[in-house]
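# Analysis of the macromolecular model
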Number of protein chains: 2
Amino acid sequence: MPEQGVENGRRREILAAALALAEEKGLAALSMRAMAARVGVTPMALYPHVGSKDALLDGLVDLLLAQLLPAARSGGGWEDRLRATARAVRGLARRHPETFRLLLDRASVTPDAVRLVDGLYAALLEAGVPPQRVPRLERLLSTAVLGFAEGEVSGRFSPSPDRWDRGRSLGEDAPAHRELAEVLARPADWDAEFEANLDDLLHVIRRYVPAVG
Amino acid sequence: MPEQGVENGRRREILAAALALAEEKGLAALSMRAMAARVGVTPMALYPHVGSKDALLDGLVDLLLAQLLPAARSGGGWEDRLRATARAVRGLARRHPETFRLLLDRASVTPDAVRLVDGLYAALLEAGVPPQRVPRLERLLSTAVLGFAEGEVSGRFSPSPDRWDRGRSLGEDAPAHRELAEVLARPADWDAEFEANLDDLLHVIRRYVPAVG
DNA sequence: CCGTATATATCTACACTGTAGATCATGCCG
DNA sequence: CGGCATGATCTACAGTGTAGATATATACGG
């Protein structure tokens with residue numbers, strides 16, 4: 001058997017095919033048979049390289065996580081790094097809308113995941129956040145950023161038909177929707193919304209930085 | 001065929017069985033055949049009542065959403081109502097850890113979902129948040145609360161082995177983990193963390209309330 | 001009472017899924 | 001040459017959702 005954990009070329013090829021196939025046909029259509037056909041091989045030939053489908057999905061998570069590390073290690077102060085990482089997460093979601101959900105589904109404690117979290121920890125510490133508050137704020141930040149990115153690309157934020165119509169159809173049962181009819185009728189600007197969320201989250205973080213001087 | 005959309009008794013019975021079965025054996029084990037066996041019927045007998053497995057899962061979402069409405073409509077001021085709703089979400093996640101993820105997966109625009117969002121809109125308006133900021137803040141709040149609750153019950157926040165050990169094993173690559181070793185070694189208090197997150201989110205909301213007087 | 005409609009449950013079958021197990025081909029090393 | 005590891009293949013099994021045709025039971029108008 002080949003060194004399954006090692007990053008030999010064949011394994012990379014399979015993972016790349018899996019990623020491409022998932023983004024093209026949807027995550028649900030990512031079957032071992034479909035991947036095998038894409039690589040030009042029989043289904044069982046994949047197993048020595050990826051172990052199992054579950055392990056293959058973990059491999060995809062690694063592929064995605066690796067794309068986030070550069071931002072977490074970019075230059076500049078702590079705030080620039082946090083913003084860059086958050087934007088990288090959103091960019092990743094938009095580049096890989098189908099596979100992005102794997103980051104949320106699979107509790108990933110791979111080395112790269114730890115490295116990523118470590119970068120966030122370091123930024124928060126550098127910001128002056130007291131150590132005992134750092135883990136919670138990292139989880140809050142990560143949850144909000146990952147959740148927003150997933151919500152945006154999965155369509156959870158913009159159901160069809162529009163919530164505005166739904167609010168109208170509910171009539172008396174949705175008074176606040178009626179009051180917000182004008183605002184809800186405007187198309188959402190996800191870029192602006194993401195940046196505003198980021199501002200709010202950084203504001204929360206700064207709350208916990210003791211004043212100096 | 002029975003009135004599939006109507007809430008006749010048989011449909012309720014099936015949905016209840018599905019919910020129970022999913023929580024007992026896991027969401028992945030929720031198959032039409034397993035449910036049918038539980039109800040004491042053949043698989044195909046379910047279809048007139050639930051339409052399809054997809055529609056059945058939507059039905060489960062409705063079942064869960066219905067448990068959140070009372071909190072959103074509870075008495076008290078806007079802040080009490082937001083806190084009550086958030087706590088209800090977390091309680092729901094803890095009561096139904098397996099099926100809770102359906103709320104995030106399935107972009108639900110059911111009547112109850114709209115009613116729930118409407119309650120949040122109303123609370124934000126009552127708080128004095130300018131209308132054009134209400135939808136974004138609702139999405140931020142919902143994303144953070146749903147995401148935290150899901151993260152807590154899915155184990156995404158407490159991987160095993162502990163991140164602390166992982167940080168150690170990575171050694172030089174995770175300096176911030178080392179710096180936080182003491183804090184990370186302490187067991188997390190999710191109750192306290194949730195309340196702290198809630199405080200932070202409400203603080204963000206109050207930022208957008210123009211000063212009066 | 002019968003006949004008919006309506007609702008509910010059943011059975012079979014199809015096209016999928018992940019993957020265990022056995023087999024076969026190829027190339028490398030001593 | 002033998003021996004062995006590597007890689008791919010083929011078959012088969014247990015499971016999935018569900019289309020389609022068939023049966024059964026219940027209720028109602030005559």
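Scroll up to find the structure this text is about.
Please read these numbers as outputs of a predicted model, since none were measured by experiment.

Before going further, it helps to spend a moment on the overall build of chain A. When helices and strands are counted, chain A shows 13 helices and zero strands. Helices and strands in chain A line up, N terminus first, as α-α-α-α-α-α-α-α-α-α-α-α-α. For chain A, the spread of C-alpha atoms along the three principal axes comes to 60 × 55 × 25 Å. Per-residue burial over chain A gives 40% buried out of 213 residues.

Time to look at the relation of the copies chain A and chain B. Screw-axis analysis of chain A against chain B gives a translation of 0.0 Å along the axis, an RMSD of 0.0 Å, and a rotation angle of 180°. Seen this way, the second copy is the image of the first under a two-fold rotation axis. The C-alpha atom lying nearest the rotation axis in chain A is that of Ala144 of chain A; the distance is 2.5 Å. Mapped onto chain B, 100% of the interface residues of chain A again fall at the interface, so both copies present the same surface.

A common way to report how large an interface is uses the accessible area buried once the components associate. Counting residues at the interface gives 46 residues for chain A and 46 residues for chain B. Examining the composition of the side of chain A that touches chain B, we find that 11 residues originate from one element, helix H9 (residues 134-154) of chain A, more than from any other. Residues belonging to the side of chain A that touches chain B are distributed by class as follows: 24 nonpolar, 10 polar and 12 charged.

With that out of the way, let us pick up helix H6 (residues 78-95) of chain B. Residues and elements named next belong to chain B. An ideal rise of 1.5 Å per residue puts 26 Å on 18 residues; H6 measures up with 25 Å between its terminal C-alpha atoms. Within H6, the full set of buried residues consists of Arg81, Leu82, Arg83, Thr85, Ala86, Ala88, Val89, Arg90, Leu92 and Ala93. Looking at the buried side of H6, the elements it contacts are helix H4 (53-66), helix H5 (69-72), helix H8 (111-127), helix H9 (134-154) and helix H13 (190-207).

A separate point is the environment of Pro43 of chain B. All names here are of chain B. Within the fold, Pro43 resides in the loop between helix H2 (32-39) and helix H3 (47-50). On a C-alpha basis, the gap between Pro43 and Ile205 in space is 49 Å, while along the polypeptide they are 162 residues apart. For Pro43, the contacting residues outside a window of four places in its chain are Met32, Arg33 and Ala36.

Turning next to the packing of helix H1 (residues 9-25) of chain A against helix H4 (residues 53-66) of chain A. Residues and elements named next belong to chain A. Interhelical geometry of H1 versus H4 gives an angle of 85° and a closest axis separation of 10 Å. In terms of axis orientation, H1 runs roughly perpendicular to H4. Residues Leu15, Ala18 and Leu19 of H1 form the contact with H4, whose own contacting residues are Leu56, Gly59, Leu60 and Leu63. A breakdown of the residues in the contact of H1 with H4 according to their chemical character gives six nonpolar, one polar and no charged.

The next subject is the nonpolar core. In terms of nonpolar packing, the biggest core is built from 108 residues, with Ala18 and Val89 of chain A together with Ala18 and Val89 of chain B touching the most fellow members. Once you skip the residues sitting within four places of it in the chain, Ala18 of chain A turns out to touch Leu30, Met35, Leu56 and Leu60 of chain A.

Conventions and cut-offs
Residues numbered from 1 in each chain as written. Chains lettered and ligands numbered in written order. Predicted model: local features only at pLDDT ≥ 70, side-chain atom pairs only at ≥ 80, totals over all residues. Helix = DSSP H or I, 4+ residues; strand = E, 2+ residues; numbered from the N terminus. Buried ≥ 20, exposed ≤ 12 C-beta atoms within 10 Å, placed from the backbone. Least-squares fit on C-alpha atoms with pLDDT ≥ 70 in both. Contact = placed C-beta atoms within 7 Å. Nonpolar A, V, L, I, M, F, W, Y, C, P; charged D, E, K, R; others polar. Expected span 1.5 Å × (residues − 1). Axes fitted to C-alpha atoms, helices over the stretch in contact; angles between N-to-C directions. Parallel < 35°, antiparallel > 145°, perpendicular 65-115°, else oblique. Core = buried A, V, L, I, M, F, W, Y, C linked by C-beta atoms within 7 Å.

Worth remembering: the numbers are spatial, not functional.
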